[in-house]
Amino acid sequence: MEKLVVEGGRPLIGSIPVSGAKNAALPILIATLVAPGEHRLGNIPDLADTSSTLSLLGRIGCPSLVNGVVRIDTSRVAFSEAPYDVVRKMRASVLVLGPLLARTGEAKVSLPGGCAIGTRPIDQHLKGLEALGCRFELSGGYIHGTVHDLRGADIHLDMPTVTGTENIVMAAVLARGTTRITNAAREPEVSDLCDFLVTLGAKIEGIGTSTLIIEGVPRLTPASRPYRIVPDRIEAGTYLCAAAATGGDVTLTGVDPKLMEATLAKLVEAGCDVRTTEDTIRLTRSRQLLPIKVRTEPFPGFPTDMQAQLMTLACFSKGTSTFEETIFENRYMHAAELLRMGADIQHAGRVATVRGNPPLKGAAVMASDLRASAALVIAGLAAEGITEVLRIYHLDRGYENLVGKLRAVGARIARVSDTVQDPAKLKAALDDLGPSVAPAEA
Ligand code: EPZ
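So, here's what we can say about the structure. Going along each chain's sequence as written, the residues are numbered from 1 onward. Per-residue local features are limited, in this predicted model, to residues with pLDDT of at least 70; the limit for side-chain atom pairs, both in listing and counting, is 80 or more; totals at the level of whole chains, interfaces and linings are taken over all residues. Only hydrogens and water are removed before side-chain values are computed, so all heavy atoms of the structure are retained for them.

**Observations regarding the site of the ligand**
Thinking step 1. Only heavy atoms are used to decide nearness, and a residue is near a molecule or strand if one of them lies within 4 Å of it. The environment of the ligand is made up of 20 residues, and the closest members are Gln 124, Thr 161, Thr 163, Asp 305 and Ile 327.
Thinking step 2. Any pair of N or O atoms that falls within 3.5 Å is considered a polar contact. Within protein, one atom must be able to donate a hydrogen and the other to accept it, and sequence-neighbouring residues count only if both atoms are side-chain atoms. Contact between the ligand and Lys 22: an oxygen atom at 3.1 Å from a side-chain N or O atom of the residue.
Thinking step 3. In the model, an oxygen atom of the ligand is placed 3.4 Å from a nitrogen or oxygen of the Arg 331 side chain.
Thinking step 4. Comment: elements are numbered from the N terminus, with helices defined as DSSP H or I runs of at least four residues and strands as E runs of at least two. Going through the elements one at a time, α1 (22-31), α5 (123-131), α6 (162-172) and α12 (370-382) are the ones with two or more residues in the shell around the ligand.
Thinking step 5. If you tally residues by element for the shell around the ligand, the top one is α5, at three residues.

**Describing the sheet that holds strand β22 (residues 364-366)**
Thinking step 1. What the four strands build is an open sheet, ordered β22-β23-β1-β24; its pairing is mixed. Edge positions in the sheet fall to β22 and β24 (412-417), since each has one partner strand and no second. On average, adjacent strands in this sheet sit at an angle of 25° to one another, irrespective of strand direction.
Thinking step 2. Only heavy atoms matter for contacts: two residues are in contact if any of them lie within 4.5 Å across the pair. Axis lines are fitted through C-alpha atoms, for helices just across the contact stretch, and the angle between N-to-C directions can take any value from 0 to 180 degrees. Where α12 meets the sheet, its contacts fall on β1 (2-7), β22, β23 (386-390) and β24, and the angle it forms with β1 comes to roughly 35°.
Thinking step 3. The strands touched by helix α15 (residues 423-431) are β1, β23 and β24; relative to β24, the strand with the most contacts, the crossing angle is about 125°. Two strands pair under a simple rule: DSSP has to find at least two bridges between them.

**Concerning the environment of Thr 146**
Thinking step 1. As for its placement among the helices and strands, Thr 146 is situated in strand β9 (residues 142-146).
Thinking step 2. The rule is simple: take the accessible area with a 1.4 Å probe, protein chains only, and divide by the maximum for that residue type; under 20% is buried, over 50% is exposed, in between is partly exposed. Relative accessible area serves as the criterion here: at 28%, Thr 146 is assigned to the partly exposed category.
Thinking step 3. For the pair formed by Thr 146 and Tyr 399, sequence separation is 253 residues and the distance between their alpha carbons is 36 Å.
Thinking step 4. Leaving out residues up to four positions away in the same chain, Thr 146 has contacts with Leu 101, Gly 105, Glu 106, Gly 133, Cys 134 and Arg 135.

Read these as geometric descriptors, not functional statements.
Written out as C-alpha cells, the structure is:
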C-alpha cells in the first residue's frame with residue numbers, strides 16, 4: 001500500500017490541465033453496450049474506476065484498447081453479469097443493469113452494498129426499470145433482472161438520482177414507445193451521457209432539464225467520430241480549493257466554467273478572486289479567507305462532491321462556517337481527520353460547524369472515501385509541517401496523476417510506500433526532483 005507525504009506552506013503557482021469527468025466516463029463507457037460495434041471515446045481519464053469499468057466490459061465480452069482514445073468493441077455480449085468482486089469496489093457497476101437488459105433481455109448484478117458515505121440504495125433504479133417492463137429477483141446478494149417486452153413508460157423519481165436517471169435512460173432508448181422521466185437528475189454528466197446516446201441514434205428531448213422524454217428506437221449504432229467527454233468539474237473544484245487554501249495563483253485549462261457556477265460562487269464568497277474564459281479558470285486570493293455557508297443540493301445547486309474540499313478551506317478562514325449535507329447521510333468522515341490537524345469542527349447528523357483557526361498542523365491522517373481524501377491533501381498543502389495521507393487507493397479512483405499535477409505547480413508532495421516512516425526518507429522523497437509522475441501513476 002502507498003501513502004502521500006505532503007509538506008505544507010507553499011502557495012500553488014501555475015497551470016493545471018483538467019481531465020475528463022470520472023462521473024461522465026463511467027456511464028458513457030457502459031452505454032456503449034446499447035450499440036453493437038466499435039466505439040471511440042476521447043478525454044477518458046486514466047483512473048482506477050475507468051480501468052475497473054473497462055475490465056468489467058471485458059468480462060462481459062467487450063474488449064477495449066486504450067491509446068489516448070479508448071476503443072471498445074461491443075459487437076458481442078457474452079456474459080450479462082457484474083460480479084460482486086467488481087461491484088463492491090465500484091458501485092457505478094450497477095449501471096450495467098439498464099443497458100444489459102435493453103441489449104440482451106437479462107442482467108445479473110451484485111447488489112452494490114453501502115459505502116463510507118451512505119447506504120446508497122438503488123430502489124429508484126429498479127422502480128424505473130420495472131416501469132419499463134423489467135422484472136427483478138434478489139438472491140445471494142445479486143439482483144437478477146429479465147425483460148421480454150421493453151416498453152416506454154412515465155416514471156417519476158422520488159429524488160433526482162444521478163445513476164438512477166442514467167440506468168433508466170440507457171434502457172429507455174431501446175424501449176418500444178415513449179418514456180417520460182420527471183424529477184430526473186440534471187448533473188452535467190447525465191447530460192453528457194444523453195448527448196453521447198444521441199450520437200448513437202437515440203432520440204432524447206429535454207437534456208439538461210428535470211424532464212427527459214425518450215423516444216425508443218429499434219437499434220443504435222456506434223458514432224462515426226470519437227466522442228469527447230466533458231471535463232471533470234469536481235477535479236477542477238478540488239484544485240481551485242487547493243489554490244485558495246495555499247494562497248496561490250492557479251489557472252485551470254481544458255475546463256468548462258459553465259458547469260461550476262455554484263462552486264465558483266462559493267469560492268468568491270470565501271474571499272477568492274476568480275477569472276474565467278471559455279475553457280480556463282484562474283483563482284487568486286489577495287485577502288484573508290472568509291467564512292462560508294454551504295448547503296449541498298442536486299445540480300445546479302452546490303455539489304455534494306465538493307463539500308469536503310470546501311470544509312477544509314473553511315478551516316483556514318477566520319470565522320465560523322456552516323455546512324448542511326442534504327444528499328448523503330454520512331459524508332463528514334473527513335472531519336475527524338481534520339481535527340487531528342487542529343481543526344475545530346463539530347457536526348451532528350447532516351449539519352456541521354467549522355470555527356476557522358489557522359494554521360493547521362501536519363499529521364498522519366486516514367482517507368475514507370474519494371472526496372474526503374482530496375480534502376485531506378488540500379489540508380496538508382496548506383498546513384504547517386508534514387502530513388501523511390494513508391489509504392490513497394481512494395484517491396486513485398477519481399484523480400488522474402494528482403501528484404504530477406500538484407508538483408507541476410510547486411507542491412511538495414510525493415507518493416511513497418506506507419512502510420516508510422523515517423523522516424529523512426520522507427524528506428528525501430519530497431526533495432526527489434525525479435519524474436513528476438510517481439511509479440504507481442506512470
Ligand atoms: C452519483 O452517485 C455520483 N457517482 C456521486 O459521486 C455523487 O456524489 C452523487 O451522484 C450525487 O451527486 C457517479 O456518478 C458514479 P444519487 P449516485 O443516486 O448516483 C439516494 C464521487 O465522489 N438514492 O444521485 O449513487 C441516495 O442514497 C461520487 O464521484 C436513493 O434513495 O448518487 C442519495 O442519498 C460519490 N435511491 C441520493 O439519493 C436510489 O435508488 C442521491 O444519490 C438512488 C439514490
